[in-house]
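# Secondary and tertiary structure notes
Given next are the chains, with one letter for each unit.
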Amino acid sequence: MAKTAGGSDSREKVLRRFEFGDRMFRILTRSSAIAVLLVLGGVIVSLVQGSLPALSKFGFGFLTSDAWNPVTENFGAAPAIYGTIVTSSIALLIAAPIGFGIAVFLTELCPYQLRRPIGIAVELLAGIPSIIYGIWGMFVFAPFLQAHVQPALIATFANLPVLNQLFAGPPYGIGILTASVILAIMILPLISSISRDVFNTVPAVLKEAAYGIGCTRWEVMRSIVAPYTGVGLVGGIMLALGRALGETMAVTFVIGNAHKIAPSILGPGTTISATIANEFTEADGAIYTSSLIALGLLLFVITFIVLAISRFLLMRVEAKGAR
């Protein structure tokens, strides 16, 4: 009886120890989740509070004005918003088709032995620091564009309406187009990686059935894979757009940092992140500092909306693949 009582006591001690460990683990994980929300809330409150002086002074005109004069304390976000949207959009137009092509090649056409090495090589682009892209873009890529690509674009579209304004000279080398190409290279691994993962969610039986009735690879991709994964591909693009919107150092090196709206994508411009990086250390007035913080709030809102949409679309694809 004594042995039985002793065994029962030891068992209860073990169970209490396990219960205590589970309780502490639950408290720790819940605290971590709450801490993330508190940090996010603190960032939002700080941005809103810091931007209030500028938003109160300029109102809605802050979003539409192209003025940026620290001497007279007259600021507007239109050129920065314009540059952010244009560079990110052009980067997506360049990177999305190439990223989709890489994903199709790796999932459907590439020999099995080469899939992993090529996939790793593409994803290594994502590990290069953005400042390295910026230095390479400024000292290697921009001079190449200035000497060879931009003069050819100016001459080619010189007599075409609209396009002659879009590709108007002179060839500076640095500018919106240069920044867009650098951004495209930076987001290419993200688009190709997400697209490859999304393509792998297509049930093999659907593709095998299509091949069984004589469909070509192109027909399978167009009629089976693309409709099944369309939402996920859009989600991947939106996720890459969120990365492009917030990129700072690489864009700052090559965009020219001119606070103006120019119709030509060959000319210099600026983005929200580049403006903040360039001028925050020099901001010495309350309105100047508040205007830069207001730019940060705008970038936060834009990025949050884009990432929320992308996560929602990717969740829809994961739910479809689970069924």
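Residues numbered from 1 in each chain as written. Predicted model: local features only at pLDDT ≥ 70, side-chain atom pairs only at ≥ 80, totals over all residues. Heavy atoms only, no water.

A few words on the overall build of the protein chain. Looking only at helices and strands, one finds 12 helices and two strands in the protein chain. Along the protein chain, helices and strands appear, N-terminal first, in the series α-α-β-β-α-α-α-α-α-α-α-α-α-α. Here the protein chain has a C-alpha radius of gyration of 26 Å; the compact-globule value for 323 residues is 20 Å, and the former is much larger. Here the C-alpha coordinates of the protein chain stretch approximately 100 × 65 × 35 Å along the principal axes. Expressed as a percentage of the 323 residues in the protein chain, the buried residues total 38%. Once local pairs closer than 6 in sequence are excluded, the contacts in the protein chain between residues at least 24 apart make up 74%. Here the protein chain has roughly 17700 Å² of accessible surface; of this, 69% comes from carbon and sulfur atoms. (Helix = DSSP H or I, 4+ residues; strand = E, 2+ residues; numbered from the N terminus. Rg over C-alpha atoms; globule rule 2.2 N^0.38 Å. Buried < 20%, exposed > 50% of the residue type's maximum accessible area, 1.4 Å probe, protein only. Contact = heavy atoms within 4.5 Å. Areas by Shrake-Rupley, 256 points an atom, 1.4 Å probe, with all protein chains shown as cover.)

Moving on, we come to the nonpolar core. Generally speaking, a soluble globular protein has its nonpolar side chains buried in company with each other. Within the largest apolar cluster, 50 residues are counted, with the highest numbers of intra-cluster contacts made by Phe62, Phe75, Ile182, Ile187, Ile191, Ile265 and Leu295. Secondary-structure elements contributing two or more residues to this core are helix H1 (2–58), helix H3 (78–109), helix H5 (130–156), helix H7 (176–199), helix H9 (217–246), helix H10 (249–254) and helix H12 (286–322). Ignoring sequence-local partners within four residues, the contact set of Ile191 consists of Leu92, Ala95, Ala96, Gly99, Phe100 and Ala240. If you look at the next biggest cluster of nonpolar residues, it comprises 12 residues, including Ala103, Ala210, Val220 and Leu239. (Core = buried A, V, L, I, M, F, W, Y, C linked by side-chain atoms within 4.5 Å.)

With that settled, the discussion passes to the pattern of salt bridges. Using the criterion set out here, one finds three salt bridges in the structure. A salt bridge links Glu19 to Arg23; its shortest N-O distance comes to 3.2 Å. Here Arg23 and Glu19 lie together in helix H1, a separation of four residues that amounts to about one turn. (Salt bridge = Lys/Arg side-chain N within 4 Å of Asp/Glu carboxyl O.)

Quick look at the packing of aromatic side chains now. The final tally for this structure, using the stated rule, is eight aromatic pairs. A centroid spacing of 6.4 Å and a plane angle of 85° characterise the contact between Phe58 and Phe75, whose relative ring orientation is edge-to-face. Placement of Phe58 in helix H1 and of Phe75 in strand S2 (residues 74–75) is noted, with a sequence separation of 17 residues between them. Across the pair, Phe75 and Phe58 agree in class, each one buried. Look at Phe157 and Phe167: their rings are 4.7 Å apart centre to centre, the planes differ by 20°, and that puts the pair in the stacked class. Note that Phe157 is positioned in the loop between H5 and helix H6 (163–166) and Phe167 in the loop between H6 and H7, a separation of 10 residues in sequence. (Phe/Tyr/Trp six-rings, centres within 6.5 Å; stacked < 30°, edge-to-face > 60°.)

Per-residue confidence for the protein chain averages 85 on the pLDDT scale, and 95% of its residues sit at or above 70. By mean pLDDT, H12 is the weakest element of the protein chain at 81, and H5 is the strongest at 91. (pLDDT = per-residue confidence, 0-100.)

Once that is clear, we can look at the side chain of Thr84. Tracing the chain through its elements places Thr84 in helix H3. The class for Thr84 is buried, based on a relative accessible area of 2%. Look past the residues within four positions of Thr84 in its chain and what remains in contact with it is Leu245, Thr270, Thr271 and Ile272.

Turning next to H7. Its 24 residues place the ends of H7 32 Å apart at the C-alpha level, agreeing with the 34 Å of an ideal helix rising 1.5 Å per residue. A bend of about 40° at Ile187 is the largest found in H7, and the proline Pro189 appears one to four places after it. Burial analysis of H7 places 20 of its 24 residues in the buried class, the great majority of the element. (Expected span 1.5 Å × (residues − 1). Bend = angle between axes of the 7 residues up to and from the residue.)

Here we take up the layout of surface pockets. One simple way to see leftover space: roll a probe sized like a water molecule over the atoms. Size it by volume and the largest pocket reaches roughly 190 Å³. Looking at the largest pocket, the residues that line it are Leu106, Tyr112, Arg115, Arg116, Gly119, Ile120, Glu123 and Arg196. The biggest single contributor to the lining of the largest pocket is helix H4 (residues 112–124), with six residues. Each residue belonging to the lining of the largest pocket can be placed in one class, and the counts come to three nonpolar, one polar and four charged. (1 Å grid on protein atoms, 1.4 Å probe; cavity = no way out; pocket = protein on both sides within 12 Å on 5 of 7 lines; lining within 4 Å. Points joined across faces, edges and corners; volume = space filled by probe spheres on them. Nonpolar A, V, L, I, M, F, W, Y, C, P; charged D, E, K, R; others polar.)

So, on to a nonpolar patch on the surface. A cluster of nonpolar side chains, Ile128, Ile131, Ile132, Ile135, Trp136, Met138, Phe139, Val140 and Met249, forms an exposed patch at the surface whose accessible area comes to about 770 Å². For the nonpolar patch, the element with the highest residue contribution is H5, accounting for seven residues. Tracing the backbone through its elements, the reader meets Ile132 in helix H5. Ile132 sits in the partly exposed class, given a relative accessible area of 43%. (Patch = residues over 30% accessible without salt bridge, like charges linked within 9 Å, V, L, I, M, F, W, Y side chains within 5 Å.)

Right, let's get into the packing of H4 against H7. Their axes nearest at 9 Å, the elements H4 and H7 cross at an angle of 140°. Touching Arg115, Gly119, Val122 and Glu123 of H4 are Pro189, Ser192, Ser193 and Arg196, all from H7. Looking at the contact of H4 with H7 residue by residue, the class counts come to two nonpolar, three polar and three charged. (Axes fitted to C-alpha atoms, helices over the stretch in contact; angles between N-to-C directions.)

Our next topic: H5. Across its 27 residues, H5 extends only 32 Å between first and last C-alpha, which sits more than 12% below the 39 Å expected from 1.5 Å per residue. At Gln146, H5 shows its largest bend, some 50°. Every buried residue of H5 is listed here: Tyr133, Gly134, Gly137, Phe141, Ala142, Leu145 and Gln150. Check the buried side of H5 and you find it contacts H7 and H10.

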